[in-house]
Amino acid sequence: MKPPAPAHACGIVLVLLPLLAVLQTTRAQKNAIDIYSLTVDSRVSSRFAHTVITSRVVNRADSMQEATFQMELPKKAFITNFSMIIDGVTYPGNIKQKDAAQKQYSAAVARGESAGLVKATGRKMEQFQVSVSVAPSAKVTFELVYEELLKRRLGVYELLLKVQPRQLVKHLQMDIHIFEPQGISFLETESTFMTNELADALTISQNQTKAHIRFKPTLSQQQKSAEQQDTVVDGNLIIRYDVNRTLSGGSIQIENGYFVHYFAPEGLSMIPKNVIFVIDTSGSMMGTKIRQTREALIKILEDLRPEDHFNLISFSREATQWKPSLVPASTQNVEEAKKYANSIKAQGGTNINDAMLMAVQLLDTATREEQLPSGSVSLFLLLTDGDPTVGETNPTKIQKNVQEAIGGQYSLFCLGFGFDVSYAFLEKLALDNGGLARRIYEDSDSALQLQDFYQEVANPLLTAVTFEYPSNAVEEVTQDNFRLFFKGSEMVVAGKLRAQSPEGLSAKVRGQLPTENITFQMESQVAKQEEEFQKPKYIFHGFMERLWAYLTIHQLLERMVSVSDADKQALETQALGLSLNYSFVTPLTSMVVTKPEGQEQSQVAEKPVENGVNFSKAGVSLYARVHDLPSKTVVSPKFPVPSNYLYPFYQLDPDPRLPSRKANPVLASSFSVGPTILDGYLDETMEETSPTAPPPAPIQAPTVILPLPGQSGDQLCVDIKRTPEPLLLLLSDPDQGLEVTGEYKMEKAQFSWIEVTFKNPQMQVHVSPEHVVVTRGRRSSEYKWKETLFVVMPGLTMTMDKAGLLLLSSPDKVTIGLLSWEGPGEGLRLLLRDTDRFSSHVDGILGRFYQGVLWGPPDTTDDSKRTLRARGFDFDATRELKLDYQEGTPGTEISCWSVTL
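These numbers were taken from a predicted model, which means no experiment stands behind them. (Residues numbered from 1 in each chain as written. Predicted model: local features only at pLDDT ≥ 70, side-chain atom pairs only at ≥ 80, totals over all residues. Heavy atoms only, no water.)

A.B. asks: Is there a simple way to explain the overall build of the protein chain in this structure?
C.D. replies: Helix and strand counts for the protein chain stand at 11 helices and 52 strands. Scored against the burial criterion, the 901 residues of the protein chain give a buried share of 53%. Relative to all contacts within the protein chain whose residues are 6 or more apart in sequence, the contacts with residues 24 or more apart total 69%. Split by element, the accessible area of the protein chain, about 40200 Å² in all, is 49% carbon and sulfur. (Helix = DSSP H or I, 4+ residues; strand = E, 2+ residues; numbered from the N terminus. Buried < 20%, exposed > 50% of the residue type's maximum accessible area, 1.4 Å probe, protein only. Contact = heavy atoms within 4.5 Å. Areas by Shrake-Rupley, 256 points an atom, 1.4 Å probe, with all protein chains shown as cover.)

Following this line, the structure appears as structure tokens:
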């Protein structure tokens, strides 16, 4: 085994998440510990990310102070080094076998010290934190290094940097170098803290194969205001991109005696799939979980293709199948399934065993009776939030039963909803059957998480994929056969070149299409490939050997989940040897962090695991559900009370995970709203009050404010009062590649949602009063109103400020604004800027006001009234005062021409 290559840095492509170096002090000691330099250097070379976080601090107090280095890194990353330099002395972190570090770990715990330096902090992140005491005027340098092989997901690679210095930093700089020999096909950046002023600190340069993203704000740019010394830099900086691809055997890249083969061909047709959705409807799914599951399932069913076959099984105490057999995904069947999905309710226990065996039997019967398309792919999607509690409850027995029933014929993908689920059980269940497991986090976007996972496995392109290389050319190759290849993903194989290997490395990739086998062939010249990685500015040299080690360790750890105890020991020994040889903090190793004499002598950093006791359960919430309030009227002997005025009581439905108990009725009188109600009757002792004149109605914000074409500064205020259909085409401009639609509810006099669709770049923005959902390709992201957002992509910029104004703009397109308005007449609002960019083909109920508009003369008796003609229709326009919502609440009064649709 070669020793690990020296640590340099390098740049290229995929999901990386470098993240924050943060120093926190108490409020009383604020700025006593001063971060005078914070740098992030991330170099991604051929999908392997090497990230270095360096923080330099000084104690400006006249007494000893505690400095805390805190940083977040991706869960899939391995820490490779951490060191502190204090008064010129380096205190390194030493990576050891877990058993060797156990004595120090146990001793620290016994002393009541915080021995674990790494903990899970959310969906994708782990937090590393070390504290050290710093003498007056002393300086400390913290440096953390971690590495990760990045993974393609839904057609993109994502690099996430979390920036939270918590104070102004004199030298704050982030550099991301990306190098991809295949060529970068698109690049976009997103930030949750960037403003238009701060955006000047972000520079992006790109050529065919390289990209450099730099964020270097000045002190004044970081500062919230002249009066506030707090930093505005607090959030995520995300880079997303993909690379050029062809219908070929992929890309083989070679560096320093190692190779990596990336395979993700374009141009393949989707294979028909047969999918059975196995949905947990037990009592613990009650409330938000079951509602989000229904919502996601309905969207997923809409994505089925006509050539697909499907069925649904819901299970609690017993398993129930929707249809007696799998059915084609015809329009009629999908609509029926959506109605069924919308009707599922949560109650009872959790019988996973019977549900899965029923699902397997359905597929077995359909296969045996030749009901399914030839060459199609069959799979199960199991969603559950709890342990088995009914029927067979032994997890090991269930795993055995399911594996024996499936017999290697089908793939099983498991989704664990929330933190109470036994993720280790689901992970083994999936890996035993050619699938994978994923945790779904309880949050407002859980439905989107479910949909995104489905999208990852919804489009199989190849089955039974194998990679072949000449035995005289390579050795120690990582996993080289895969059951399924999905659209938007990528297969990665790495290995060593033999000492006397040929000058060229050839490869064959074989796979199965529905009606035939297919073989991809390619050859890569070793010397030519070696030259690709000789650019010191971008490349972390020796990275490919570490990439091979990283990938091998991850695959060994995954195989350990589903093998016998005898085989597990051999795999663990191999993975441990690689972890120690390449200095990776993995689940099998620990890093002992030493400190100066007189302080805690050591702390231990260990790799959290998804199933471990140190996995954060911060997301768990206990809840009580409020029943729908009764619709009956509360009536006294003398005074009728409207049913929507006040209710006699409501009752809490407790969390089913808690001990059962009855909730006491709560008398409505306890709310002290309006007349007192006792036992359902009005209190007749209330005082007589003299009537007062009602206050004047507040000026309302119109449904839409349109800048008038050809008239500087004047605006058209449009209100929707009547519409035959709730779904409206508001704007359509094919030349701009733009369409805006909305659903308008007349009874509420507001939009339920507004949706903006762009053709180039392909993107859809769907806003509701609750949130903003952005869909690009098959990926969806949810944002809450009033979150700061700054996204720059080719041809479009998307921003949102703290006031909740979302703007979609481009140098050559009309700017579309969306707002969740909280003032009088609250609801969703649309606004337009740069309307002179509309083409002559603009249309829609609002777009028509930008083509051939004619104004009639003022009314002879009232010059505040005129007639407006647009697209052959006449509208009465009246000069009125309206509330301008375009700059957010509280709004300003404006005089505009008001029309009603």
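A.B. asks: In this structure, what is going on with the packing of aromatic side chains? I would like to understand it.
C.D. replies: Each pair of aromatic rings is reported with the distance of its centres and the angle of its planes. One pass over the full model with this rule turns up 31 aromatic pairs. Both rings, one in F78 and one in Y550, keep their centres 5.0 Å apart while their planes meet at 50 degrees; by these two values the pair is tilted. Taken together, the residues span a long stretch of sequence, with F78 in strand β4 (residues 78-86) and Y550 in helix α10 (residues 543-561) at a distance of 472 residues. Taken as a pair, F78 and Y550 share a single burial class, namely buried. Among the aromatic residues, ring-to-ring pairing joins F48, F78, Y550, Y582 and F584 into one connected group. For K323, the ring lying beneath its charged end belongs to W322, and the centroid distance is 5.1 Å. In this arrangement the basic side chain of R829 is found over the ring face of Y885, its NZ or CZ atom lying 5.8 Å from the centre. (Phe/Tyr/Trp six-rings, centres within 6.5 Å; stacked < 30°, edge-to-face > 60°. Lys NZ or Arg CZ within 6 Å of the ring centre and 35° of its normal.)

A.B. asks: Looking at this structure, I do not really get the state of the cysteines. What am I missing?
C.D. replies: By definition, a disulfide links two cysteine residues through a covalent bond between their sulfur atoms. For the structure shown, the criterion picks out one disulfide. Two residues share a disulfide in this structure: C717 and C896, whose sulfurs sit 2.0 Å from each other. In this structure, the disulfide formed by C717 and C896 twists by about -120 degrees around the S-S bond and is classed as left-handed. Note that C717 is positioned in strand β37 (residues 715-719) and C896 in strand β52 (residues 892-900), a separation of 179 residues in sequence. Residue classification places C717 among the buried positions, given a relative accessible area of 0%. With relative accessibility at 0%, the residue C896 sits in the buried group. (Disulfide = S-S within 2.5 Å.)

A.B. asks: Sorry, what's going on with the layout of surface pockets here?
C.D. replies: Over the atoms, a rolled probe matching the size of one water molecule traces out where space is still vacant. Roughly 950 Å³ of internal volume is contained in the second largest pocket. Only α3 (288-302), α8 (446-457), β41 (763-767), β42 (771-776) and β43 (779-784) provide two or more residues apiece to the lining of the second largest pocket. Across the lining of the second largest pocket, the residue classes tally to five nonpolar, 12 polar and 12 charged. (1 Å grid on protein atoms, 1.4 Å probe; cavity = no way out; pocket = protein on both sides within 12 Å on 5 of 7 lines; lining within 4 Å. Points joined across faces, edges and corners; volume = space filled by probe spheres on them. Nonpolar A, V, L, I, M, F, W, Y, C, P; charged D, E, K, R; others polar.)

A.B. asks: What's the story with the pattern of salt bridges in this structure? I'm lost.
C.D. replies: Once the charged atoms of two side chains with opposite charge are near each other, the side chains can pair. Tallied over the full model, the rule gives 40 salt bridges. E490 is the salt-bridge partner of R47, the closest N and O atoms lying 2.7 Å from each other. Of this pair, R47 sits in the loop between β1 (33-45) and β2 (48-59) while E490 sits in the loop between β26 (481-486) and β27 (491-497), and the two are 443 residues apart along the sequence. Across the pair K338 and E302 runs a salt bridge whose closest N-O atoms are separated by 3.1 Å. Of this pair, K338 sits in helix α4 (residues 331-343) while E302 is found in helix α3, placing the two residues 36 residues apart along the sequence. When its relative accessible area of 15% is taken as the criterion, K338 is described as buried. Residue E302 is classed as partly exposed on the basis of its relative accessible area, which comes to 41%. (Salt bridge = Lys/Arg side-chain N within 4 Å of Asp/Glu carboxyl O.)

A.B. asks: What is the right way to read the environment of R153 from this model?
C.D. replies: Here R153 shows up in the loop between β8 (139-149) and β9 (157-163). Along the chain, R153 and K487 lie 334 residues apart, while their C-alpha atoms are 9.2 Å from each other. Apart from residues lying up to four places away in sequence, R153 is in contact with R438, D452, E456, G488 and R779. Within the structure, the side chain of R153 is placed 2.8 Å from the side chain of E456, a separation counted as a polar contact. (Polar contact = N/O pair within 3.5 Å; in protein donor to acceptor, adjacent residues only side chain to side chain.)

A.B. asks: Any chance you could explain the nonpolar core here in plain terms?
C.D. replies: Across soluble globular proteins, you tend to see nonpolar side chains buried next to one another. Among the nonpolar cores identified, the biggest contains 61 residues, and V765, I816, L818 and F849 are the most heavily contacted of them. Take this core: its biggest share by element is five residues, from strand β47 (residues 813-821). Beyond its immediate chain neighbours, meaning those up to four positions away, V765 contacts I754, E755, V756, V772, V773, V774, M798, L806, L808 and L818. I176, L202, V593 and A605 belong to the second-largest nonpolar core, a separate cluster that totals 60 residues. (Core = buried A, V, L, I, M, F, W, Y, C linked by side-chain atoms within 4.5 Å.)

A.B. asks: Mind showing me how you'd approach the sheet that holds strand β24 (residues 460-468) here?
C.D. replies: Strand pairing in a sheet takes place through backbone hydrogen bonds and is either antiparallel or parallel in direction. Across the sheet, four strands lie side by side as β26-β24-β28-β29; this open sheet has antiparallel pairing. One side of each edge strand has no neighbouring strand; the edge strands of this open sheet are β26 and β29 (517-525). This sheet shows a mean twist of 30 degrees between the axes of neighbouring strands, independent of strand direction. Here β24 runs beside strand β28 (residues 504-512); their pairing, made up of four bridges, is antiparallel. Bridge pairing links T463 to Q512 in β28. (Pairing = 2+ DSSP bridges. Axes fitted to C-alpha atoms, helices over the stretch in contact; angles between N-to-C directions.)

A.B. asks: I'm lost on empty space enclosed by the protein in this one. Help?
C.D. replies: Scanning the entire structure with this criterion turns up three cavities of 30 Å³ or more. In this structure, the largest cavity spans a volume of roughly 100 Å³. The set of elements that each furnish at least two residues to the lining of the largest cavity consists of β17 (273-280), α3 and β21 (377-384).

The values reported here are purely geometric and, on their own, carry no functional implication.
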